[in-house]
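# Close look at the chain arrangement
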Amino acid sequence: MERTQTLPNREATEDLARRLARLAKAGDAVMLKGPLGAGKSTFARAFLRELSGKPDLDVPSPTFTLIQSYDTPYGPVSHFDLWRLDGESALEEMGWDEAREGIVLVEWPDRLGSLTPEEALVVTLFPQPSVALSNMDEGDEPREVHLEGWKGRF
Ligand SMILES: Nc1ncnc2c1ncn2[C@@H]1O[C@H](COP(=O)(O)OP(=O)(O)O)[C@@H](O)[C@H]1O
Ligand SMILES: [Mg+2]
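What comes next concerns the included structure. (Residues numbered from 1 in each chain as written. Chains lettered and ligands numbered in written order. Predicted model: local features only at pLDDT ≥ 70, side-chain atom pairs only at ≥ 80, totals over all residues. Heavy atoms only, no water.)

## Description of the pairing of strand S7 (residues 143-148)
Operational definition: Only strands that DSSP links by at least two bridges are regarded as paired with each other. For helices the rule is a DSSP run of H or I covering at least 4 residues; for strands it is a run of E covering at least 2, with both sets numbered from the N terminus onward.
Pairing of strand S1 (residues 2-7) with S7, which is carried by six bridges, proceeds in the antiparallel orientation. Its bridge partner lying in S7, Arg-3 is registered against Leu-147.

Structure, rendered in structure tokens:
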């Protein structure tokens, strides 16, 4: 599966995350790509809230801890932000293999190197040039999203 679509605002990004969360199962990996501020953590937060069944779930960014794990009715879900990862062995020490038994969400997945899962849903968010004189709500901007993977799942 491969497709590109426009996400006109943050709610659209969150909707997509919730829909994909409902397709996720143990052993799945979701790679979140795109530049800083693209919406990777926003996507991860909506995805985790959907799986946990808690719309107000606190989802801190794992920028410093690198991993944040959640127990959900669908099993453990681990949210990684690998921007500051110092080598693959550090990731293994953090419990990557065990996390892979559940669902993993990974920001900056290029850092995975040889630990990159063979099968994954790759979500790439592209910020769009902002439209001048638009009356969009502050904080809501369009994104393009490219989805690839999870063959036969949609
Ligand atoms: N269409 C959109 N999709 C996702 N986030 C959006 C969108 N429009 C505006 N935003 C805002 O952009 C910011 C994205 O931040 P964040 O999710 O932390 O990015 P990243 O994790 O990729 O660095 C948030 O403040 C969010 O409200
Ligand atoms: Mg982030």
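## So, the coordination of the magnesium ion (ligand 2)
Tetrahedral coordination by four donors sets the ideal angle at the metal to 109.5 degrees; octahedral coordination by six donors sets it to 90 or 180 degrees. Applied cut-off: Keep in mind that water is not among the atoms, so a site may look incomplete; donors are the N, O and S atoms within 2.8 Å of the metal, or 3.2 Å for Na, K and Ca.
With distances of 2.2 Å, the protein atoms coordinating the magnesium ion (ligand 2) are Ser-41 (OG) and Glu-107 (OE). Taken together, the residues Ser-41 in helix H2 (residues 40-52) and Glu-107 in strand S5 (residues 103-107) connect sequence positions 66 residues apart.

## Quick look at the sheet that holds S7
Under the convention used in this document: For every element, the axis is a line fit to its C-alpha atoms; helices are fit only across the contacting stretch, and the angle between N-to-C directions ranges from 0 to 180 degrees. Here a residue-residue contact requires only that any non-hydrogen atoms of the pair lie within 4.5 Å.
Ordered in space as S1-S7-S6-S2-S5-S4-S3, the seven strands form an open sheet in which the pairing is mixed. Pairing within the sheet leaves two strands with one partner each, and these edge strands are S1 and strand S3 (67-72). Pairwise comparison of adjacent strand axes, ignoring direction, gives a mean angle of 15° for this sheet. Looking at chain direction, strand S4 (residues 75-81) and S5 are connected through five bridges and run parallel. Its bridge partner being in S5, Ser-78 is matched across the sheet by Val-104. Along the sheet face, helix H1 (residues 10-21) touches S1, strand S6 (121-127) and S7 and points at about 145° away from the line of S1.

## Observations concerning the site of ligand 1
Just so we agree on the cut-off: We call a residue near a molecule or strand as soon as one heavy atom of that residue lies within 4 Å of the molecule or strand. Identification of polar contacts relies on pairs of N or O atoms within 3.5 Å, with a donor-acceptor requirement for protein atoms, meaning one able to donate a hydrogen and the other able to accept it, and with residues adjacent in sequence counted only if both atoms are side-chain atoms. Only the protein chains shown count as cover for residues, and the accessible areas themselves come from Shrake-Rupley with a 1.4 Å probe.
In the vicinity of ligand 1, 17 residues are found, and the nearest of them are Thr-13, Lys-40, Thr-42, Gly-139 and Glu-141. Here a nitrogen atom of ligand 1 sits 3.1 Å away from a polar atom, N or O, in the main chain of Asn-9. One of the side-chain N or O atoms of Lys-40 is found 2.7 Å from an oxygen atom in ligand 1. Coverage of ligand 1 by the protein amounts to 78% of the 570 Å² it exposes when considered alone. Among the secondary structure elements, those contributing two or more residues to the shell around ligand 1 are H1 and H2.

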